[in-house]
Amino acid sequence: MTTALANTIIKDGHVGPQIERLTQTNTIRPGHFVAVNSSNNVALVGTQGADVATLLVIEDKYQGDGSLGGVDVPYALNAPAVCEYPPAGALRYARVPNGTTTVLGTALIFNNAGQLIPTTGSPLKVVAHAEEAITSASGEQLILVRIA
């Protein structure tokens, strides 16, 4: 799945609780995973394998770029970002870094940049499982995942 093919982060109709917080940087895009920091802003999850709340940035359909569905447009610095605590089993598009390879069912954890990566061994927290196979993604991409 390439970013250009996804026009919304939420794949199914099941919407979890949402919050809106100001962004800590101008690199946060829909499909990134974030955490609320001590300033009450959202920042990219910055620790690989972190055991933190699953908080996914979704597109703001009111402020976002409607021509692209808002999924590839980063939120501006200190802009209000819409984030969701996706329910277990929900289908979402999430960001993976360049070079990611998955098969159906691959267990995914946070990397150190708000994206998901395959895991081996015994991670602290599996965030999601891949619902599609990708091979050597070029650049950051969105893939369909099922939230764990």
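Residues numbered from 1 in each chain as written. Predicted model: local features only at pLDDT ≥ 70, side-chain atom pairs only at ≥ 80, totals over all residues. Heavy atoms only, no water.

Undergrad: Talk me through the overall build of the chain; I want residue IDs and the actual numbers.
TA: In terms of regular secondary structure, the chain is built from zero helices and ten strands. Its helices and strands taken in sequence order, the chain reads β-β-β-β-β-β-β-β-β-β from the N to the C terminus. When the 148 residues of the chain are sorted by exposure, 47% land in the buried category. Contacts in the chain between residues at least 24 apart in sequence constitute 67% of all its contacts with a sequence separation of at least 6. Here the chain has roughly 6,900 Å² of accessible surface; of this, 52% comes from carbon and sulfur atoms. (Helix = DSSP H or I, 4+ residues; strand = E, 2+ residues; numbered from the N terminus. Buried < 20%, exposed > 50% of the residue type's maximum accessible area, 1.4 Å probe, protein only. Contact = heavy atoms within 4.5 Å. Areas by Shrake-Rupley, 256 points an atom, 1.4 Å probe, with all protein chains shown as cover.)

Undergrad: Talk me through the pattern of salt bridges; I want residue IDs and the actual numbers.
TA: Enumeration over the complete set of coordinates arrives at six salt bridges. Across the pair glutamate 140 and arginine 95 runs a salt bridge whose closest N-O atoms are separated by 3.1 Å. One end of the pair, glutamate 140, is in the loop between β9 (128–130) and β10 (141–147); the other, arginine 95, is in strand β6 (residues 91–96), and 45 residues separate them in sequence. The exposure class of arginine 95 is buried, given its relative accessible area of 0%. Through salt bridges with shared partners, one network takes in Arg29, Asp72, Arg95 and Glu140. (Salt bridge = Lys/Arg side-chain N within 4 Å of Asp/Glu carboxyl O.)

Undergrad: If you had to explain the environment of alanine 107 to someone new, which residues and values would you point to?
TA: Position of alanine 107 among the secondary structure elements: in strand β7 (residues 107–110). Spatially, the C-alpha atoms of alanine 107 and proline 118 are 5.8 Å apart, while their sequence positions differ by eleven residues. When neighbours within four sequence positions are excluded, alanine 107 is seen to be in contact with Ile117, Pro118, Thr119, Val126, Ala128 and His129.

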